[in-house]
Number of protein chains: 2
Amino acid sequence: MLSFSEENYLKAIYHIEKLQSNGVSTNAVAEKMDTKASSVTDMLQKLAEKRLVIYKKYKGALLSAKGKEIAISVIRKHRLWESFLVNKLNFSWDEVHDIAEQLEHIQSDELINRLDAYLGFPKVDPHGDPIPDKDGNIAKQEKIKLSNLKETQQGILVTIKDSSDDFLRYLDKKSISIGSTIKVIAIEPFDKSILVKIGKKELMITENVANNLLVKEI
Amino acid sequence: MLSFSEENYLKAIYHIEKLQSNGVSTNAVAEKMDTKASSVTDMLQKLAEKRLVIYKKYKGALLSAKGKEIAISVIRKHRLWESFLVNKLNFSWDEVHDIAEQLEHIQSDELINRLDAYLGFPKVDPHGDPIPDKDGNIAKQEKIKLSNLKETQQGILVTIKDSSDDFLRYLDKKSISIGSTIKVIAIEPFDKSILVKIGKKELMITENVANNLLVKEI
DNA sequence: ACAAATATTTAGTTATATCTAAAAATATAT
DNA sequence: ATATATTTTTAGATATAACTAAATATTTGT
């Protein structure tokens, strides 16, 4: 059985792999895990020994099939627990991350499969991210950045890329949440800021904000 | 913040304290935790340093007010999670212990209080044990051993003292479960075995079994 | 009361997961 | 292409929570 720490490393590597197709660098993992590069090297060596990553000195790491399977199972647990917290315990979607970070390490396949059933086999979590099924299959999502929409197009907000507290608070203040329908009214050519309509209100957002809002086009 | 291990020690000491009013011995803790006496000594010294137990060399340990508070909060979490697993996810009450042992260490007051509300503020868990409230108050339960009942008396099974797998399987096979109404038909003077009636069936149980079934007299 | 048995503690070891500082490899820039 | 900068690894240290073996304290039985 793996430690919390090992599971967290596998999860981090998985997420980084999805962004860059090449090997995952020590530094990238260190940044994601908020730890030191030397600690990452130690852990990569250990995970390589356990055949969970393929690791070449100075060349970074990639998940093995087994490592990927474990990473996905942790992500499945994380997203199902987030769904539980929001849908059953009425947390708001920006409060649940830290608790789900703990719950994702609970070991019991039976538990997580029953939780899945109890929630009605949800396809996406409260942030709009897809929930892997029992066999590790993940439904592909057509998500594009809000900044890729053209004037008059609209989308449903499905994912927040930057999940820093500051950004989550900003969204909350502006009443922007997962599921919101957002229409692009006008794009300012000078700084790419965007005038959008959310519900009945019009709002100006920066390009940076628009890059961190992923929508499903409708 | 305390480690899982520290929390488990506090919980073990709490349970042992309830049985013997004097100081909790190193050996008693070692047996309960399935570890070595020397490991217990190490931990008691650490917990004493953190003012969570009062510890005197060779004299055993007692929980401080703070230590007791933490122990009770862990027990509250354990019992609420067991209630969730049984009442919402349809686990049977003999399957939930190991999962609850993990869930009891999740850190979030908000989570546990919302879970409590979601479950309807239950007073007892699926084993019949009382659930401490948010402030650490535990309702007293009038529980007596089935072996203390006299002929013709009856009780509702509220707690299983011995929770070994073998015993739980025995009870399952005999269809004895928390909430069962048990009537004492006759007591054999020779070996104190008891003829009981559970539902419509009569059944002979040994004194040992009767000592491990705690009932609320009705 | 004292020897034997039992319980407890101490000392020293191991494994995990982290860190800092220094060394080594790789990438970059002129 | 070579010096400089960056990245990565190694070596050595720390903290936690276990363990074993040996030492010490307490309890028990005669």
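Residues numbered from 1 in each chain as written. Chains lettered and ligands numbered in written order. Predicted model: local features only at pLDDT ≥ 70, side-chain atom pairs only at ≥ 80, totals over all residues. Heavy atoms only, no water.

With an axial shift of 0.0 Å and an RMSD of 0.1 Å, the rotation relating chain A to chain B amounts to 180°. Viewed as a symmetry operation, the transformation between the two copies matches a two-fold axis. By C-alpha distance to the rotation axis, the residue of chain A lying nearest is Leu103(A), at 3.8 Å. An overlap of 100% is found between the interface residues of chain A and their copies at the interface of chain B, pointing to a shared contact surface. (Least-squares fit on C-alpha atoms with pLDDT ≥ 70 in both. Contact = heavy atoms within 4.5 Å.)

Ser3(A), Ser39(A), Lys46(A), Gln45(B) and Tyr55(B) are the nearest of the 21 residues found near DNA strand C. For DNA strand C, the fraction of atoms within 4 Å of the protein that belong to sugar or phosphate moieties is 74%. Measuring from a phosphate oxygen of DNA strand C, one finds a side-chain N or O atom of Ser3(A) at 2.5 Å. Separating a phosphate oxygen of DNA strand C from a backbone N or O atom of Lys36(A) is a distance of 3.4 Å. Every element with two or more residues in the surface near DNA strand C is listed here: helix 1 (4–19) and helix 3 (37–49) of chain A together with helix 2 (26–33) and helix 3 (37–49) of chain B. Broken down by element, the residue count for the surface near DNA strand C peaks at five residues, all from helix 3 of chain A. (Near = heavy atom within 4 Å. Polar contact = N/O pair within 3.5 Å; in protein donor to acceptor, adjacent residues only side chain to side chain. Helix = DSSP H or I, 4+ residues; strand = E, 2+ residues; numbered from the N terminus.)

Moving on: the domain arrangement of chain A. Partitioning chain A into structural domains gives domain 1 (4–63) and domain 2 (144–217). For domain 1 of chain A and domain 2 of chain A, the distance between their C-alpha centroids amounts to 32 Å. (Domains from an automatic or database assignment.)

This part takes up the interface of chain A and chain B. Chain A puts 21 residues into the contact, and the matching count from chain B is 21 residues. Approximately 1700 Å² of surface area, both sides summed, lies buried where chain A meets chain B, with 70% of it carried by carbon and sulfur atoms. When residues of chain A are sorted by the area they lose upon contact with chain B, Leu89(A), Arg114(A) and Tyr118(A) head the list and together hold 32% of the total. At the junction of chain A and chain B, the tally comes to zero salt bridges. The tally of links between chain A and chain B comes to seven residue pairs in polar contact (both at pLDDT 80 or more). Where the side of chain A that touches chain B is concerned, the elements lending two or more residues are helix 4 (65–87), helix 5 (97–103) and helix 6 (109–118) of chain A. The biggest single contributor to the side of chain A that touches chain B is helix 6 of chain A, with five residues. (Buried area = accessible area lost by both parts, 1.4 Å probe. Salt bridge = Lys/Arg side-chain N within 4 Å of Asp/Glu carboxyl O.)

The next point concerns the protein's contact with DNA strand D. Neighbouring residues of DNA strand D: 20 residues in total, closest Gln45(A), Tyr55(A), Ser3(B), Ser39(B) and Lys46(B). The sugar-phosphate backbone supplies 77% of the atoms of DNA strand D found within 4 Å of the protein. Ser38(B) places a side-chain nitrogen or oxygen 3.0 Å from a base oxygen of DNA strand D. Elements with a contribution of two residues or more to the surface near DNA strand D: helix 2 (26–33) and helix 3 of chain A together with helix 1 (4–19) and helix 3 of chain B. Each residue belonging to the surface near DNA strand D can be placed in one class, and the counts come to five nonpolar, 11 polar and four charged. (Nonpolar A, V, L, I, M, F, W, Y, C, P; charged D, E, K, R; others polar.)

On to the packing of aromatic side chains, then. Evaluation of the coordinates by the stated rule reveals nine aromatic pairs over all chains. Ring geometry for Phe4(A) against Phe4(B): centres 5.8 Å apart, planes inclined by 85°, an arrangement best described as edge-to-face. Here Phe4(A) is found in helix 1, whereas its partner Phe4(B) is found in helix 1 on a different chain. The partly exposed category is assigned to Phe4(B), whose relative accessible area is 37%. Plain terms: the ring middles of Phe167(B) and Tyr170(B) are 6.2 Å apart, the flat faces sit at 10° to each other, and that makes the pair stacked. Within this pair, Phe167(B) and its partner Tyr170(B) are both found in helix 7 (residues 165–173), separated by three residues, close to a single helical turn. Of the aromatic side chains, those joined through ring pairs into one cluster are Trp81(A), Phe84(A), Tyr118(A), Trp81(B), Phe84(B) and Tyr118(B). For the cation-ring pair, Arg114(B) lies above Phe91(A), with the distance from its terminal atom to the ring centre recorded as 4.2 Å. (Phe/Tyr/Trp six-rings, centres within 6.5 Å; stacked < 30°, edge-to-face > 60°. Buried < 20%, exposed > 50% of the residue type's maximum accessible area, 1.4 Å probe, protein only. Lys NZ or Arg CZ within 6 Å of the ring centre and 35° of its normal.)

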